[in-house]
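Architecture at a glance
The residues making up each chain are set out below.
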Amino acid sequence: MTDALVLGGGLAGSASAILLAGAGKSVTLIERESGPHHKICGEFLSIQGRDHLEALGIDPVALGGTPIDMVELCSGARLVRSRLPFTALGLSRYRLDEVLLESADRSGVDVRRGIRVTSMDGHRVSTSAGGHEAGAILLATGKHRIRGDRTEADGGPDPFAGFKMHFRLPPSAHRAIAGTIRLILFDGGYAGLQPVEDGTANLCLVIRKDRLGELGGSWDAVMAMLRTLPHCGDLLRDAEPLMERPATIANLAYGIAPRPAMAEGLYPLGDRACMTASLTGDGMALALRSGFVAASCVAQGETVRDYHRRHAREVHGQVRRAMALQHIQETRLLRQAGIGLLAAFPGLLHHLAQATRLRRWS
Ligand SMILES: Cc1cc2nc3c(=O)[nH]c(=O)nc-3n(C[C@H](O)[C@H](O)[C@H](O)COP(=O)(O)OP(=O)(O)OC[C@H]3O[C@@H](n4cnc5c(N)ncnc54)[C@H](O)[C@@H]3O)c2cc1C
């Protein structure tokens, strides 16, 4: 029996575990992966994400995060460019999540890896290596639902699939996206291409499952489609894939705002609590923020209801605005009108990037 049991060692889980251990609580964290692994993510770390990591004593620049201060939005032949209102970083989850878990271990968290949580029943949790009980359970398994999990974060339709691949781009393509996140909008989805650490690039995309089906359903078919697009095809033509296969996710639902948890002592964090549109690149900050809020509530003996109230207040506006943008992107006419407006007033892109952030952490 520990004070807190954290299920899942992604951003939300590790952040909450580090903070709770720092507050003198006994903490066990269970992560199903036994070593570093790739995750579906555009790996655009916003300034809010950076703030949270720095507050945990982690310097993402020292980890190799590459500065990104420009955003480019492409749709058909159009490309709109603007400076971001902050300097973000491109940093792989392969590296970042591992450093967070190491930091949790150093902070005194009992980190157990290679163990899968299989089900929950109130405060009892079953795993592939036995049972656990704790006063507080922090549910941070990302998009993965656990049997018996009553957080009710799911329920909406899940019409999207996601892919991610790291590439080494030819020098001219790498130069073209230096310091830049390029967002390529297409019918049924969008792709983000940006540099990450060690001179490599991340291509991450979200596509409607029906559109994916029309294309033939495979990664190769998606790449073939991307290679036909202006502002994208040239960059990818001679790109060397650096992962054996892309990271994929089949069922993505967006726009899940925090809902009151059903059980006392059970704190849903990160994507278990809410999922914002990934187009805006602020999900990591939201996940970290939920970890901070939950750790503070558990450490101070506040109820799950208090956590829900505080967390919802923090993230509701961001999710609402991000989902409005996603809606525009999904509707061809609105997308064309939007990009026309941005082409006429590129400074608006700067404001949109600002409006779809959490408040900064201080
Ligand atoms: C396509 C896409 C692109 C995105 N791009 C960006 C971006 O560019 N910038 C940004 O800020 N956000 C982005 N996001 C959002 C961001 O990736 C997520 O919001 C964030 O990773 C959520 O963190 P988390 O800690 O909740 O979950 P995760 O990071 O998913 O961590 C969950 C952890 O739980 C573990 N786990 C799962 N099930 C079990 C189990 N049964 N037992 C034990 N362990 C388990 C997993 O192995 C994992 O380590 C993107 C999301 C998507 C889908």
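Since this is a predicted model, take the numbers as computed values, not measurements. (Residues numbered from 1 in each chain as written. Predicted model: local features only at pLDDT ≥ 70, side-chain atom pairs only at ≥ 80, totals over all residues. Heavy atoms only, no water.)

1. Examining the UniProt feature "domain: FAD-binding" (unreviewed entry) in the protein
Applicable threshold: UniProt positions are given in the numbering used here, feature names are shortened, and annotations may be inferred rather than shown by experiment. Only DSSP runs of H or I with at least four residues qualify as helices, and only runs of E with at least two residues qualify as strands; both kinds are numbered from the N terminus onward.
The positions UniProt marks with the feature "domain: FAD-binding" (unreviewed entry) are residues 2–135. Helix and strand shares over residues 2–135 are 26% and 41% respectively, and the end C-alpha atoms of the span are 7 Å apart.

2. Brief notes about the pairing of strand S4 (residues 66–75)
Where we set the bar: Three labels apply to residues, based on accessible area from a 1.4 Å probe with only protein chains included: buried if under 20% of the type maximum, exposed if over 50%, partly exposed otherwise in between. For two strands to be treated as a pair, DSSP must find no fewer than two bridges joining them.
For S4, the buried fraction is high: eight of the ten residues fall into the buried class. In the sheet, S4 pairs with strand S5 (residues 78–90) via nine bridges, with the strands oriented antiparallel. What sits directly across from isoleucine 68, in S5, is alanine 88. In textbook terms, the turn of a hairpin is the stretch between consecutive antiparallel strands, and for S4 and S5 this stretch comprises two residues, one of which, glycine 76, has a positive phi near 55°. Sheet topology places S4 next to strand S11 (residues 180–186); six bridges connect them, and they run parallel. If you follow methionine 70 over to S11, its bridge partner there is threonine 180.

3. Focus: the packing of helix H10 (residues 304–330) against helix H11 (residues 332–344)
Here is the rule: Working convention: axes come from line fits to C-alpha atoms, limited for helices to the stretch in contact. Angles between N-to-C directions cover 0 to 180 degrees. Roughly parallel means an angle under 35 degrees; roughly antiparallel, over 145; roughly perpendicular, 65 to 115; everything else is oblique. When checking whether two residues touch, look at their non-hydrogen atoms; a contact exists if any pair is within 4.5 Å. Only Asp, Glu, Lys and Arg are considered charged, only Ala, Val, Leu, Ile, Met, Phe, Trp, Tyr, Cys and Pro nonpolar, and every remaining residue, Gly among them, polar.
In contact at an axis separation of 5 Å, H10 and H11 are set at 105° when each is read in the N-to-C sense. Judged by the inter-axis angle, H10 sits roughly perpendicular to H11. Mapping the contact onto sequence places His327, Ile328, Gln329 and Glu330 in H10 and Arg332, Leu334 and Arg335 in H11. When the residues that make up the contact of H10 with H11 are grouped by side-chain class, the tally is two nonpolar, two polar and three charged.

4. A look at the site of the ligand
Short version of the rule: When we say a residue is near a molecule or strand, we mean one of its heavy atoms is within 4 Å of it. Shrake-Rupley sampling with a 1.4 Å probe provides the accessible areas, and residues are treated as covered by the protein chains on show and by no other component.
If you check the shell around the ligand, you find 38 residues, and the closest are Glu31, Gly42, Arg93, Asp271 and Met284. Protein chains bury 96% of the 1000 Å² of accessible surface belonging to the ligand in isolation. Contributions of two or more residues to the shell around the ligand are made by helix H1 (11–22), strand S2 (27–31), strand S13 (201–208), helix H8 (270–273) and helix H9 (283–299). Examining the composition of the shell around the ligand, we find that three residues originate from one element, H9, more than from any other. Considered class by class, the residues forming the shell around the ligand number 16 nonpolar, twelve polar and ten charged.

5. Section: the environment of arginine 320
Positionally, arginine 320 belongs in helix H10. Spatially, the C-alpha atom of arginine 320 lies 28 Å from that of leucine 56, the residues being 264 residues apart in sequence.

6. Some points on the pattern of salt bridges
Rules: Here, a salt bridge means any Lys or Arg side-chain nitrogen found within 4 Å of an Asp or Glu carboxyl oxygen.
Counted by the stated rule, this structure contains 22 salt bridges. The closest approach of N and O atoms between arginine 93 and aspartate 97, which form a salt bridge, is 2.8 Å. Residue arginine 93 and its partner aspartate 97 are located together in helix H3 (residues 93–106), separated by four residues, close to a single helical turn. Comparing arginine 93 with aspartate 97 shows no difference in burial state: the two are buried. Across the salt bridge formed by aspartate 282 and arginine 357, the nearest N and O atoms sit 3.4 Å from each other. Here aspartate 282, found in the loop between H8 and H9, pairs with arginine 357, found in the segment after helix H12 (347–355); they are 75 residues apart in sequence, far enough to count as distant. On the accessibility criterion, aspartate 282 (0% relative accessible area) is buried. According to the relative accessible area criterion, arginine 357 is buried, its value standing at 7%.

7. A look at the pairing of strand S1 (residues 2–7)
Taken across its six residues, S1 has five buried, putting it largely inside the fold. Examined bridge by bridge, S1 and strand S9 (residues 130–139) share five bridges and lie parallel to one another. Within S9, the residue paired with valine 6 across the bridge is leucine 138. In terms of strand pairing, S1 meets S2 through four bridges, oriented parallel. Across the sheet, residue alanine 4 finds its bridge partner in S2, namely valine 27.

8. Focus on the state of the cysteines
Put simply, the rule reads: Only a pair of cysteine sulfur atoms within 2.5 Å qualifies as a disulfide here.
Inspection of the entire model under this criterion finds zero disulfides. With no disulfide partner, cysteine 41 has as its closest neighbouring cysteine sulfur the one in cysteine 204, 6.6 Å distant. Among the residues examined, cysteine 41 registers a relative accessible area of 13% and is labelled buried. Sulfur of cysteine 232: no disulfide; nearest cysteine sulfur belongs to cysteine 74 and is 8.1 Å away.

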